[in-house]
Amino acid sequence: MSKTQGKTSVTVSTAANIALIKYWGKLERDGNQPATASLSIGLEDLRTTTTLAFSNSDSHEVELEGQPSSRINHFLDQVRVEFEIKPCFKVVSNNNFPTGTGLASSASGFAALALGLNELLDLRLSRQVISQLARKGSGSAARSVYGGFVEVIPSDDAMAVRVLSADEWPLSVIVVINNQQPKEVGSTEAMQRSATTSPYYRDWVKTHTADMEEAKLAIADRDFEKLADISEHNCLKMHGTIMTTRPPVLYWLPATIAVMHTVQTLRAAGTPAFFTIDAGAQVKVICPPACADTVEDRIREIEGVLNTIRTEVGGEPRLSSE
Ligand code: DP6
């Protein structure tokens, strides 16, 4: 079935997301299927803007932050095969935050592509099917096709669904930048290494459903303390499997650990805040909006912290087309 080409150009803005319960590991089958469920929040102000059009040439023209991207090319080829599309694509994609440093640029990036291709090619896919398409590019991208609190449950063709919209539980997020350099080991490679060499990987997967249930209950009850406990536990458990791979992957820097200690000290003294960390040295600190100034001021004093970005839970995609 060949699709009509209704639009000449589509621009999509999508937000990065941060998982509170992490996707880490893949099923042994095609299609980039997650081995674990995940639960994330969209980060309103950390955005990818991607413009898509048809290319006049017989190869894709891709610019990610001004550079070619074989990963995007591969994804576009998959889409051409799946939807029987003849022309190649022109893609220009930029992030308003550092790319490839553990701030989920692949999540917002592939979500923008999936949403944009749906629009450009007039595919009329449901949001859940767009989420499945985004997942083929990057597992965490399945979640960035929505804003707010979003979950993915593993299945034959895993997709994300929204758990809660952002305005149902307003929370602030302080993104703590401890390293501006791209990470040395990408998450795809690191999770593969965890699955094959970490002695803790099997237990990571085995205990994951219980973490998801606890986090979902905490969200349903708007129980910040409970969400803090389970999110930090799940984050540290994932990093346990990452550090115990062979060869090991050490994402943390001294400032990463200092931020964790500061957050725990603040919480013990009565300021509600918790941390989470993806595949990199950056830390994201979640707290009620009323505490965000106190928390951010305290974190900015830590040696080794390069910068902080304040944002809120949100991240609904935005689309415009010509
Ligand atoms: C630690 O989505 O980057 O951020 O599917 O191989 O692209 P690929 O992996 P990716 O992994 C995300 C890992 C994580 C946890 C999470 O976002 O759930």
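Keep in mind it's a predicted model, so treat the numbers as computed, not measured.

A. Layout of the sheet that holds strand E8 (residues 274-276). On the basis of which strands lie adjacent, the open sheet formed by four strands has the order E8-E9-E7-E10 and antiparallel pairing. Two strands close off the open sheet at either side, each with one partner strand: E8 and strand E10 (307-312). The average undirected angle you get between the axes of adjacent strands in this sheet is 25 degrees. Seen against the sheet, helix H7 (residues 224-243) touches E8 and strand E9 (283-287) and runs at an angle of roughly 30 degrees to E8. Lying on the sheet, helix H8 (residues 254-268) is in contact with strand E7 (172-177), E8 and E9; it crosses E8 at an angle near 155 degrees.

B. View of the nonpolar core. Counting residues in hydrophobic clusters, the biggest one holds 35 residues, and the most contacted among them are Phe89, Leu117 and Leu121. Going through the elements one at a time, strand E1 (9-21), strand E2 (38-54), helix H1 (70-82), strand E4 (89-95), helix H2 (105-120), helix H3 (127-137) and strand E5 (149-153) are the ones with two or more residues in this core. If you tally residues by element for this core, the top one is H2, at eight residues. Here Phe89 is in contact with Ala53, Phe54, Ser55, His60, Glu61, Leu76, Arg80, Leu117, Leu120 and Leu121, once residues within four sequence places are set aside. Residues Ile18, Phe149, Leu164 and Val175 belong to the second largest nonpolar core, which totals 32 residues.

C. The packing of H7 against H8, seen in detail. Look at H7 against H8: their axes get within 13 Å of each other, and the N-to-C directions meet at 160 degrees. With respect to H8, the element H7 is oriented roughly antiparallel. For the crossing formed where H7 meets H8, the hand is left-handed. Residues Glu225, Ala228, Asp229, Glu232 and Leu236 of H7 lie in contact with H8, whose contacting residues are Met260, Val263, Gln264 and Arg267. Split by residue class, the contact of H7 with H8 holds four nonpolar, one polar and four charged.

D. A look at the site of the ligand. By nearness alone, 18 residues border the ligand, and Tyr23, Lys26, Gly139, Ser140 and Thr188 come closest of all. Between the ligand and Gly139, the relevant distance is 2.6 Å, taken from an oxygen atom to a main-chain nitrogen or oxygen of the residue. Take Arg143: an N or O atom from its side chain is 2.7 Å from an oxygen atom of the ligand. Comparing atom positions with the cavity grids shows the ligand to sit within the largest pocket. The element best represented in the shell around the ligand is helix H4 (residues 187-197), accounting for three residues.

What counts, and at which threshold
Residues numbered from 1 in each chain as written. Predicted model: local features only at pLDDT ≥ 70, side-chain atom pairs only at ≥ 80, totals over all residues. Heavy atoms only, no water. Pairing = 2+ DSSP bridges. Helix = DSSP H or I, 4+ residues; strand = E, 2+ residues; numbered from the N terminus. Axes fitted to C-alpha atoms, helices over the stretch in contact; angles between N-to-C directions. Contact = heavy atoms within 4.5 Å. Core = buried A, V, L, I, M, F, W, Y, C linked by side-chain atoms within 4.5 Å. Buried < 20%, exposed > 50% of the residue type's maximum accessible area, 1.4 Å probe, protein only. Parallel < 35°, antiparallel > 145°, perpendicular 65-115°, else oblique. Left-handed = near helix turned anticlockwise from the far one by under 90°. Nonpolar A, V, L, I, M, F, W, Y, C, P; charged D, E, K, R; others polar. Near = heavy atom within 4 Å. Polar contact = N/O pair within 3.5 Å; in protein donor to acceptor, adjacent residues only side chain to side chain. 1 Å grid on protein atoms, 1.4 Å probe; cavity = no way out; pocket = protein on both sides within 12 Å on 5 of 7 lines; lining within 4 Å. Sits in = over half its atoms within 2 Å of the grid points.

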